[in-house]
Protein chains: 2
Amino acid sequence: MSASHSETKSVVSNEDLPCYRVDADGVPAAAEQEAQAGIARQLAEPPAWLALERGVIPAERIRKVPVGPTLLLGFGGSALGARAALEFAEVAGMRPGPVRILDAVDPAVVKDALEWATARGASVMVVSKSARTIEVLTLLEACLARDLRVSTMISDPDPGGEDTAPIRARVRAAGANTLELEIPPEVGGRWSVFTAVGQAPLRAANLDPMLLTGAAMRERDRMRATGSAELARSIAWRGAHPGPFSVLWCYSEVLMHFAAWVQQLECESLGRLREDGSRVGELVCPLRGPADQHSVAQLLLDGPQHGRVTILDFDDDESGIDAGELATLARLRIVEREATRESMTLPTRRLLVRDRGPATLGALMLHHMLETAIVAERMGIDPYGQPAVERIKRGIRARLG
Amino acid sequence: MSASHSETKSVVSNEDLPCYRVDADGVPAAAEQEAQAGIARQLAEPPAWLALERGVIPAERIRKVPVGPTLLLGFGGSALGARAALEFAEVAGMRPGPVRILDAVDPAVVKDALEWATARGASVMVVSKSARTIEVLTLLEACLARDLRVSTMISDPDPGGEDTAPIRARVRAAGANTLELEIPPEVGGRWSVFTAVGQAPLRAANLDPMLLTGAAMRERDRMRATGSAELARSIAWRGAHPGPFSVLWCYSEVLMHFAAWVQQLECESLGRLREDGSRVGELVCPLRGPADQHSVAQLLLDGPQHGRVTILDFDDDESGIDAGELATLARLRIVEREATRESMTLPTRRLLVRDRGPATLGALMLHHMLETAIVAERMGIDPYGQPAVERIKRGIRARLG
């Protein structure tokens, strides 16, 4: 994807600006204050993922990740954040090198990815927090059968002894001189985007590996100094409008991968069966605007009044001037977005992102991780771990024998 | 995407086999009988879209659609069906020629598509039922500014006189010798996949233009002769499990475009505000398996008991043998699908599609269109038209001045 229209604008990382602005009605002031207090608590006693310094790989080690065509094997939190970062970087005109992310086992998709990697002499990057993810292990075997080389492996630290996890054992047995990078063990997969999980793919793409992580640190420190009215309003708004689903309607296609990352973060962190038998959580459903005006809008406008809608977009000039010769299209996108917002009958807010740079994405991810942690606190649930998914995994192991 | 593993199997079009099989529990026998009656009524007095012969473009006219690189401009029903058909064809080993579908106005995406089209000397195919779709008109201008040639235009018939719709007028003013193909005026956009809307892209991709339409005709006639136990069970199952959302969980990536087509068909046809003020409809949310086991499964298992889940996949051999050297991956996909299904706490059914050929897709689409029409009949709503979307369109026109 090319994007000369934003080359000058989007690589700017202005630490003084919030990463997005929120327009939302029906936000009770008391709820906003309560959210502010929640933010302050998280920042004062940071959970493991927010102790960002612990996840930074020293420069001399991350530099050992080879720059060049890379096939990344990873699922969920091991892949979605990197995919969003590379998409932002591309559209910001940063020209990331070719990193292809494989998070499927469908032979039709896998075969195509393997052919891509073989034709380019790509190296393989394996991302699995536990070093036991069955899909990753199976993809790894397919790569090794093609004589692809594993250059980098990212996982929990090796406990040593006889406990070597199967992916690590397989990589070592393959005899490749693989760089092993670590995720702090207390940082779960979907909370790991600021660790090696985000840093190594940026390096492989020949970008500054600290683009996301550094931005998240700056944003965290800015919030410690000044709080965040936007985040508090966002949390208060969602609290005021619970429902079975939450639509993330991306008016720029560039935001679709970010929305997939949010879907994963929220569904896995907030979908919980509580001890008293009550159940919480909301289905996050990304939509694509304006295409989905022609597919889902009818249901959202006239259908049952379930759920809430977030219209996500970049905060571009309404004249479309940033888009050069395609200004008419850029302007049309904004006109459609605003006309849709005005027509909505479900609770709707607008979340406008400052620019397309990965630094902004880093700040945006930090906001959403804090939001998720604070919402979980209010629900009285633990947003870490994934008890139900473990049940599926046991079922898979039983079937594989 | 390559798919030698299915080359022999999936181009078979066995008229005697149903296009899918349904495994679902909790289906009341009476509801199944009622659905059978609904199917019989639709087939006996076919709605406009089911009078498929009317939408067939004569062979000598459809042959005038140039074969070769094509950029298709279309939104919603004008694009989603063709995209699914081309994906199925590719994976079935039919090697469709390059047809790229543009259904976005984001400059980052549009610029890339225009560069693709320019580099290949692609011709432009314009699909807009009304010949007034504002996004298509704006994309058309961008194409003409690049000196791309419009080879084919698909829309309602020209009423003649001074009523020439803007897209048609613009195409004619551009002076291109454009082939104009017609959609029967009484067939709405999302019901049009068996008309020129599906036929012309197949032709441009150097495939038999009747692949989808012919299959739908055969399936309709088969159902007239023998009914369809699968379809009746499917309708009865959904009736027994209403909810705010319906997840279409595609275990083969190949089905994702089909799921997007279903999302559009159902949301636009069934999302309705009735005269008595009641509201009906469900949000259709496609998921991707097994990737979304790592992102959404936790919510579906432990979250609130809203909605229902359809696990969609191809009915492949469980040994994975069709996938050749990637058999382990193919088998893993099926193991994961079954383990997930067993773990689900929401009402869950399995819908297994016969094979990856576009003929099967045609039959599958016919099933879903009938299902939607019959569900609408039961809800007492008109599934045609899109009253709410027209409100957004008026808002857009007002803003554009």
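Some remarks on the overall build of chain A
And then number 1: When its secondary structure is counted, chain A shows 15 helices and 12 strands.
And then number 2: The C-alpha extent of chain A, read off along each of the three principal axes, is 60 × 60 × 45 Å.
And then number 3: Here chain A, with 401 residues, has 63% of them falling under the buried criterion.
And then number 4: Intrachain contacts of chain A at a sequence separation of at least 6 include 83% that bridge at least 24 residues.
And then number 5: When the accessible surface of chain A is summed, it comes to about 13600 Å², and 49% of that surface belongs to carbon and sulfur atoms.
And then number 6: Across chain A, 46 positive and 53 negative side-chain charges occur, with their mean positions spaced 4 Å apart.

Regarding the nonpolar core
And then number 1: If you look at the biggest cluster of nonpolar residues, it comprises 212 residues, and the most contacted ones within it are Trp249, Phe258 and Leu300 of chain A together with Trp249, Phe258 and Leu300 of chain B.
And then number 2: If we skip the residues at most four places from it in the chain, leucine 300 of chain A touches Phe245, Val247, Trp249, Leu287, Met344, Thr345 and Leu346 of chain A.

So, the domain arrangement of chain A
Residues and elements named next belong to chain A.
And then number 1: Here chain A is described as being made up of domain 1 (4–47 + 213–379) and domain 2 (57–209).
And then number 2: Across the contact, 29 residues belong to domain 1 and 20 residues belong to domain 2.
And then number 3: The junction of domain 1 with domain 2 conceals about 2200 Å² of combined surface from both sides, 73% of it contributed by carbon and sulfur atoms.
And then number 4: There are one salt bridge connecting domain 1 and domain 2.
And then number 5: Across the contact surface, domain 1 and domain 2 share five residue pairs in polar contact (both at pLDDT 80 or more).
And then number 6: Those elements that place two or more of their residues in the side of domain 1 that touches domain 2 are helix H1 (7–10), helix H9 (211–226), helix H11 (256–270) and helix H14 (358–379).

Overview of the side chain of threonine 133 of chain A
And then number 1: With respect to the helices and strands, the residue threonine 133 of chain A is situated in the loop between strand S4 (123–127) and helix H6 (134–145).
And then number 2: Apart from the residues lying within four places of it in its own chain, the contact partners of threonine 133 of chain A are Ser128 and Ile167 of chain A together with His294 of chain B.

Points about the relation of the copies chain A and chain B
Relating one copy of the chain to the other takes a rotation about an axis and a shift parallel to that axis.
And then number 1: Least-squares fitting of chain A to chain B yields an RMSD of 0.0 Å, with the transformation described by 0.0 Å of translation along the axis and a rotation of 180 degrees. Between the two chains, the operation in question is that of a two-fold axis.

Here's the deal with helix H5 (residues 107–120) of chain A
And then number 1: In this model, H5 of chain A (14 residues) spans 20 Å end to end at C-alpha, consistent with the 20 Å of a helix rising 1.5 Å per residue.
And then number 2: Pro107, Ala108, Val109, Val110, Lys111, Ala113, Leu114, Trp116 and Ala117 of chain A are the residues of H5 of chain A that are buried.
And then number 3: Residues of H5 of chain A that are buried in the fold lie against strand S2 (70–73), strand S3 (99–102) and H6 of chain A together with helix H4 (80–91) and helix H13 (327–343) of chain B.
And then number 4: Just downstream of H5 of chain A lies glycine 121 of chain A, where phi reads positive at about 60 degrees.

What to know about the sheet that holds strand S12 (residues 348–353) of chain A
Residue and element names in this part refer to chain A.
And then number 1: Pairing within the open sheet is mixed, and its five strands lie in the order S1-S12-S11-S7-S10. Edge positions in the open sheet fall to strand S1 (20–24) and strand S10 (283–288), since each of these has one partner strand only. Along the sheet, successive strands turn relative to each other by an average axial angle of 20 degrees, direction set aside.
And then number 2: Here strand S7 (residues 245–250) pairs with strand S11 (residues 308–314) via five bridges, running parallel. Within the sheet, the bridge partner assigned to serine 246 lies in S11 and is arginine 308.

Details of the pairing of S7 of chain A
All names here are of chain A.
And then number 1: In terms of residue burial, S7 counts as a mostly covered element, since six of its six residues are buried.
And then number 2: Here S7 shows no split at all, with Phe245, Val247 and Trp249 on one side and Ser246, Leu248 and Cys250 on the other all buried.
And then number 3: Relative to S10, S7 runs parallel, the two being bridged by six bridges. Across the sheet, residue tryptophan 249 finds its bridge partner in S10, namely leucine 287.

Some points on unusual backbone geometry
Residues and elements named next belong to chain A.
And then number 1: With an omega of -5 degrees, the peptide bond between glycine 289 and proline 290 qualifies as cis.
And then number 2: Relative to the elements of secondary structure, proline 290 occurs in the loop between S10 and helix H12 (297–302).
And then number 3: Positive phi, close to 60 degrees, is recorded for alanine 131, a residue that is not glycine.
And then number 4: Tracing the sequence through the fold places alanine 131 in the loop between S4 and H6.
And then number 5: Here alanine 131 falls in the buried class, since its relative accessible area comes to 0%.

Comments concerning the pairing of strand S6 (residues 179–182) of chain B
Residues and elements named next belong to chain B.
And then number 1: Residues Leu179 and Leu181 point to one face of S6 and are all buried, whereas Glu180 and Glu182, pointing to the other face, are not buried.
And then number 2: For strand S5 (residues 149–155) and S6, the ladder comprises four bridges, and the chain directions are parallel. The residue of S6 that forms the bridge with methionine 153 is glutamate 180.

A short note on the packing of aromatic side chains
All names here are of chain A.
And then number 1: Tallying each qualifying case throughout the model produces 10 aromatic pairs over all chains.
And then number 2: Aromatic side chains phenylalanine 88 and phenylalanine 314 sit 5.6 Å apart centroid to centroid with 65 degrees between the ring planes, which places their arrangement in the edge-to-face category. Of this pair, phenylalanine 88 sits in helix H4 (residues 80–91) while phenylalanine 314 sits in strand S11; the two residues are 226 residues apart in sequence, bridging distant segments of the chain.
And then number 3: An aromatic cluster is built from Trp49, Trp191 and Tyr384, whose rings are joined through pairwise contacts.

Section: the sheet that holds S4 of chain A
Residues and elements named next belong to chain A.
And then number 1: Pairing within the open sheet is parallel, and its five strands lie in the order S3-S2-S4-S5-S6. The open sheet terminates on both sides in strands that have one partner only, identified here as S3 and strand S6 (179–182). Direction aside, the axes of adjacent strands within the sheet are offset by 20 degrees on average.
And then number 2: Two elements, S2 and S4, share four bridges in a ladder whose sense is parallel. Each residue of the ladder has a partner; that of threonine 70, found in S4, is serine 123.
And then number 3: Packed onto the sheet, H6 meets S2, S3, S4 and strand S5 (149–155) and runs at close to 150 degrees relative to S2.

Points about the environment of glutamine 42 of chain B
Residue and element names in this part refer to chain B.
And then number 1: Mapped onto the elements, glutamine 42 comes out in helix H2 (residues 29–44).
And then number 2: Looking at glutamine 42, the relative accessible area reads 10%, which means it is buried.
And then number 3: Expressed as a C-alpha distance, the spacing of glutamine 42 and proline 209, which sit 167 residues apart in the sequence, is 26 Å.
And then number 4: Beyond its immediate sequence surroundings of up to four residues, glutamine 42 is in contact with Pro47, Leu50, Leu370, Ala373, Ile374 and Glu377.

The rules behind the values
Residues numbered from 1 in each chain as written. Chains lettered and ligands numbered in written order. Predicted model: local features only at pLDDT ≥ 70, side-chain atom pairs only at ≥ 80, totals over all residues. Heavy atoms only, no water. Helix = DSSP H or I, 4+ residues; strand = E, 2+ residues; numbered from the N terminus. Buried < 20%, exposed > 50% of the residue type's maximum accessible area, 1.4 Å probe, protein only. Contact = heavy atoms within 4.5 Å. Areas by Shrake-Rupley, 256 points an atom, 1.4 Å probe, with all protein chains shown as cover. Lys, Arg positive; Asp, Glu negative; His and termini not counted. Charge placed at Lys NZ, Arg CZ, Asp CG, Glu CD. Core = buried A, V, L, I, M, F, W, Y, C linked by side-chain atoms within 4.5 Å. Domains from an automatic or database assignment. Buried area = accessible area lost by both parts, 1.4 Å probe. Salt bridge = Lys/Arg side-chain N within 4 Å of Asp/Glu carboxyl O. Polar contact = N/O pair within 3.5 Å; in protein donor to acceptor, adjacent residues only side chain to side chain. Least-squares fit on C-alpha atoms with pLDDT ≥ 70 in both. Expected span 1.5 Å × (residues − 1). Pairing = 2+ DSSP bridges. Axes fitted to C-alpha atoms, helices over the stretch in contact; angles between N-to-C directions. Phe/Tyr/Trp six-rings, centres within 6.5 Å; stacked < 30°, edge-to-face > 60°.

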